[in-house]
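Chain by chain, the residues run as shown.
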Amino acid sequence: TDALAKQEAELEKQRQLEVSRAEQELKKQVEGEAANLKKGTELALAKAEQAERENAKLEKEKEFALAEIALKHKAELAAQKSALEEENAKVLSEKEKVFTRKLVLQKKLLAEVADEIGS
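A short tour of the structure in this document, coming up. Note that this is a predicted model, so its numbers are computed, not measured.

**Some points on the overall build of the protein**
Line of reasoning, step 1. Along the backbone of the protein there are one helix and zero strands.
Line of reasoning, step 2. Taking 119 residues into account, the globule formula puts the C-alpha radius of gyration at 14 Å, and the protein, at 51 Å, lies well above it.
Line of reasoning, step 3. Overall, the protein is about 175 × 10 × 5 Å in size when its C-alpha atoms are taken along their principal axes.
Line of reasoning, step 4. For the protein, buried positions account for 0% of its 119 residues.
Line of reasoning, step 5. Considering the protein, the positive charge centre built from 23 side chains and the negative charge centre built from 26 side chains are found 5 Å apart.

**Examining the pattern of salt bridges**
Line of reasoning, step 1. For the structure shown, the criterion picks out four salt bridges.
Line of reasoning, step 2. Arg-15 is the partner of Glu-12 in a salt bridge, and the nearest nitrogen-oxygen pair spans 2.8 Å. Here Arg-15 and Glu-12 lie together in helix α1 (residues 2-118), a separation of three residues that amounts to about one turn.
Line of reasoning, step 3. Residue Glu-12 is classed as partly exposed on the basis of its relative accessible area of 35%.
Line of reasoning, step 4. Looking at Arg-15, the relative accessible area reads 42%, which means it is partly exposed.
Line of reasoning, step 5. Of the charged contacts, one joins Glu-59 and Lys-62 as a salt bridge, the two residues approaching to 3.8 Å between their closest N and O atoms. Residue Glu-59 and its partner Lys-62 are located together in helix α1, separated by three residues, close to a single helical turn.
Line of reasoning, step 6. Judged by relative accessible area, which is 47%, Lys-62 ranks as partly exposed.

**Here we look at the environment of Leu-11**
Line of reasoning, step 1. Following the sequence through the fold, Leu-11 ends up in helix α1.
Line of reasoning, step 2. Residues Leu-11 and Leu-110, 99 residues apart in the sequence, show an inter-C-alpha distance of 145 Å.

The rules we used
Per-chain numbering applies: the sequence of each chain, read as written, is numbered from 1 onward. With pLDDT at 70 or above as the cut-off, local features in this predicted model cover only qualifying residues; side-chain atom pairs require 80 or more to be listed or tallied, and sums for whole chains, interfaces and linings still use all residues. Processing note: side-chain calculations cover all non-hydrogen atoms of the structure and skip hydrogens and water entirely. Secondary structure is summarised from DSSP: a helix means a run of H or I of at least four residues, a strand means a run of E of at least two, and numbering begins at the N terminus for each. The globule rule used here is 2.2 Å times the number of residues to the 0.38 power, and the radius of gyration it is set against is calculated over C-alpha atoms. For the exposure calls, accessible area comes from a 1.4 Å probe over protein chains only, and a residue counts as buried if that area is under 20% of its type's maximum, exposed if over 50%, partly exposed in between. Under the counting rule used here, the positive set is Lys and Arg, the negative set is Asp and Glu, and His together with the chain ends is not counted. A charged residue contributes its charge at one atom only: NZ of Lys, CZ of Arg, CG of Asp or CD of Glu. When a carboxyl oxygen of Asp or Glu is within 4 Å of a side-chain nitrogen of Lys or Arg, the pair counts as a salt bridge.

What follows is the structure, given as structure tokens:
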């Protein structure tokens, strides 16, 4: 019975040792997986932050492009307005010249009529 008790004690010791090894191995696996998850989370966060920065950069580029387009459009409109004003001034000047010639001709005609009436 002493040998049997010794054998049981030895078996219990081996079982405890195996349980301890299994626990340590499981602990290492869990720690490894936790580390991998942590790295994965950090990588995902870094990618999200990078995407956010890129999105902000694209938004600024879009705003800049829209501002450039608006300025270009404004300049084009100003140029068109200036050209129209210049054309309008030319037309008015031509109308004034025609009106002045017409007035001169009417005065001349009136003078001739007055001459004929006076003669």
